[in-house]
Amino acid sequence: MLQKFGFSQYESKVYETLVASEGPLDASTVVKHSGVPKAKIYEVLSRLSDKGLVSDSISDKKKTYLALPLQVVIDKLSKEFEHSIEQLKQMNKRKKYADNQVWSLKSDTSIEAYCKLLIEEASDSIIVSMWSDVFKECVPLLERKEREGVRVEAFVTGMDVPQAKVSKLHTLAPTAEHQTLERFMLIVADSEQLMFAGMENGDWQAMRTGAQPFVKFFIEYFYHDVALAKISQKYYAELMQDEEMKSLLMQLRY
């Protein structure tokens, strides 16, 4: 009968023999009444003991075995079955696995779509750094995520930066001296996943990863840009009068 619950045929036969007995039995007697081979009996009894269906004792230098009452076994198997059902239910929930690979991504439309996917799937925080025309396309989605309770912080480069109702919006208006500014795009979702894209020969090229060393580096990179932009804006006149400092700042990508 125990075979329906995942026990072997021998285990089932041994338990049925012991539970039908009026008292404990030694191994030889179990062999006689169960039909389990003598060579297998100790192995089977040991397994049943490990599984909590049989107890053993030594009396008069002889080891004997006693089955747990049927109701105890029924309660035990019922509880284990219910636990297995709960575990099965948990498997239905989506699991996130760490992806430490660095993946390359090409095609403007694919990069744009993945950018919006990262934003859409974020549940805690979003960091974005991009040019104003790209940011404009993302504003409705970013504002919706902000309303849903996701903290959004953005650094936007360009002359015509659209207003957005997000937690923090930092801006940089390029000047004529910014000769080395390049188009770029950075999205970090929940401090777990990122995508960084830049232009190469007129085409977008991107990398995406969940590797934490890269994620932490690019978060610091984001705040590095924000800090430099604010310093440059606040002390613009003084910095531009210092030719060495001016030359250095104008070579930065931010």
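As recorded by an unreviewed UniProt entry, the protein chain carries the name TrmB family transcriptional regulator and is attributed to Paenibacillus apiarius.

Asks: Just to check I follow, could you spell out the packing of helix 5 (residues 108–121) against helix 6 (residues 132–147) for this structure?
Replies: Helix-helix packing: each pair is described by the crossing angle between the helix axes and the interaxial distance. Look at helix 5 against helix 6: their axes get within 10 Å of each other, and the N-to-C directions meet at 15 degrees. Between helix 5 and helix 6, the angle falls in the class roughly parallel. Considering the relative orientation of helix 5 and helix 6, their crossing is right-handed. For the pair formed by helix 5 and helix 6, the contact residues are Cys-115, Lys-116, Ile-119 and Glu-120 on the first element and Glu-137, Cys-138, Leu-141, Leu-142, Arg-144 and Lys-145 on the second. The class makeup of the residues in the contact of helix 5 with helix 6 is 5 nonpolar, no polar and 5 charged.

Asks: Sorry, what's going on with the sheet that holds strand 3 (residues 62–67) here?
Replies: Each strand in a sheet pairs with another by means of backbone hydrogen bonds, the pair being arranged parallel or else antiparallel. The antiparallel open sheet is built from 3 strands, whose spatial order is 1-3-2. The sheet terminates laterally at strand 1 (25–26) and strand 2 (54–59), the two strands that pair on one side only. The pairing of strand 1 with strand 3 spans 2 bridges and is classified as antiparallel. Of the residues in strand 3, the one forming a bridge with Leu-25 is Tyr-65.

Asks: Explain the pattern of salt bridges here, please?
Replies: Think of it this way: side chains of opposite charge can pair up when their charged atoms draw near. For the coordinates displayed, the defined rule picks out 12 salt bridges. In this structure, the salt-bridge partner of Lys-145 is Glu-148, at a minimum N-O distance of 3.4 Å. Exposure remark for Lys-145: the relative accessible area of 4% places this residue in the buried category. Across the pair Glu-153 and Arg-151 runs a salt bridge, and its minimum N-O distance is 3.2 Å. The exposure class of Glu-153 is buried, given its relative accessible area of 2%. Judged by its relative accessible area of 38%, Arg-151 is partly exposed. Three or more residues are tied together by salt bridges with common partners; here these are Glu-11, Lys-40, Glu-43, Arg-47 and Lys-51.

Asks: How should I be thinking about helix 7 (residues 212–234) in this particular structure?
Replies: Structurally, the α-helix is built with 3.6 residues per turn, so residues lying three or four positions apart point the same way. With 23 residues, helix 7 ought to run about 33 Å at 1.5 Å a step, and its terminal C-alpha atoms sit 33 Å apart, in line with that. When we look at burial in helix 7, the residues that qualify are Val-215, Phe-218, Ile-219, Phe-222, Asp-225, Val-226, Leu-228, Ala-229 and Ser-232.

Asks: I'm lost on the packing of helix 2 (residues 27–34) against helix 3 (residues 38–50) in this one. Help?
Replies: Packing of helix 2 against helix 3 brings their axes to within 10 Å, and their N-to-C directions diverge by 110 degrees. With respect to helix 3, the element helix 2 is oriented roughly perpendicular. Pair helix 2 / helix 3 crosses with right-handed handedness. Contacts between helix 2 and helix 3 involve Ala-27, Val-30 and Val-31 from the former and Lys-38, Ile-41, Tyr-42 and Leu-45 from the latter. For the contact of helix 2 with helix 3, a count of residues per class yields 6 nonpolar, no polar and 1 charged.

Asks: What should I look at first to understand the nonpolar core in this one?
Replies: Nonpolar side chains in soluble globular proteins generally cluster together in the buried interior. Of all hydrophobic cores here, the largest spans 30 residues; its most connected members are Met-185 and Met-195. When residues of this core are traced back to their parent elements, those giving at least two are helix 5, strand 5 (125–131), helix 6, strand 6 (151–157), strand 8 (184–189), strand 9 (193–200) and strand 10 (203–209). The element contributing the most residues to this core is helix 6, with 6 residues. Not counting residues up to four positions away in its chain, the partners in contact with Met-185 are Ile-111, Cys-115, Ser-129, Met-130, Val-134, Met-195, Phe-196, Ala-197 and Trp-204. Residues Val-30, Leu-48, Leu-53 and Val-54 belong to the second largest nonpolar core, which totals 19 residues.

Asks: Looking at this structure, I do not really get the packing of aromatic side chains. What am I missing?
Replies: Two descriptors summarise a pair of aromatic rings, namely the distance from one centre to the other and the angle between the planes of the rings. Summed over all chains, the structure comprises 6 aromatic pairs. Look at Phe-196 and Phe-218: their rings are 5.1 Å apart centre to centre, the planes differ by 35 degrees, and that puts the pair in the tilted class. Here Phe-218 lies in helix 7 and Phe-196 lies in strand 9, a separation of 22 residues in the sequence. Among the residues examined, Phe-196 registers a relative accessible area of 19% and is labelled buried. Ring centres 5.3 Å apart and planes at 90 degrees place the aromatic pair Phe-217 and Phe-218 in the edge-to-face group. Judged by relative accessible area, which is 47%, Phe-217 ranks as partly exposed. Since its relative accessible area comes to 8%, Phe-218 is described here as buried.

Asks: I tried to follow the state of the cysteines on my own but got confused; where do I start?
Replies: Each disulfide consists of one covalent bond between the sulfur atoms belonging to two cysteines. One pass over the structure, following the stated rule, counts 0 disulfides. In this structure Cys-115 is not part of a disulfide, and its nearest cysteine sulfur, from Cys-138, lies 4.2 Å away.

About the criteria used
- Residues numbered from 1 in each chain as written.
- Predicted model: local features only at pLDDT ≥ 70, side-chain atom pairs only at ≥ 80, totals over all residues.
- Heavy atoms only, no water.
- Axes fitted to C-alpha atoms, helices over the stretch in contact; angles between N-to-C directions.
- Helix = DSSP H or I, 4+ residues; strand = E, 2+ residues; numbered from the N terminus.
- Parallel < 35°, antiparallel > 145°, perpendicular 65-115°, else oblique.
- Left-handed = near helix turned anticlockwise from the far one by under 90°.
- Contact = heavy atoms within 4.5 Å.
- Nonpolar A, V, L, I, M, F, W, Y, C, P; charged D, E, K, R; others polar.
- Pairing = 2+ DSSP bridges.
- Salt bridge = Lys/Arg side-chain N within 4 Å of Asp/Glu carboxyl O.
- Buried < 20%, exposed > 50% of the residue type's maximum accessible area, 1.4 Å probe, protein only.
- Expected span 1.5 Å × (residues − 1).
- Core = buried A, V, L, I, M, F, W, Y, C linked by side-chain atoms within 4.5 Å.
- Phe/Tyr/Trp six-rings, centres within 6.5 Å; stacked < 30°, edge-to-face > 60°.
- Disulfide = S-S within 2.5 Å.

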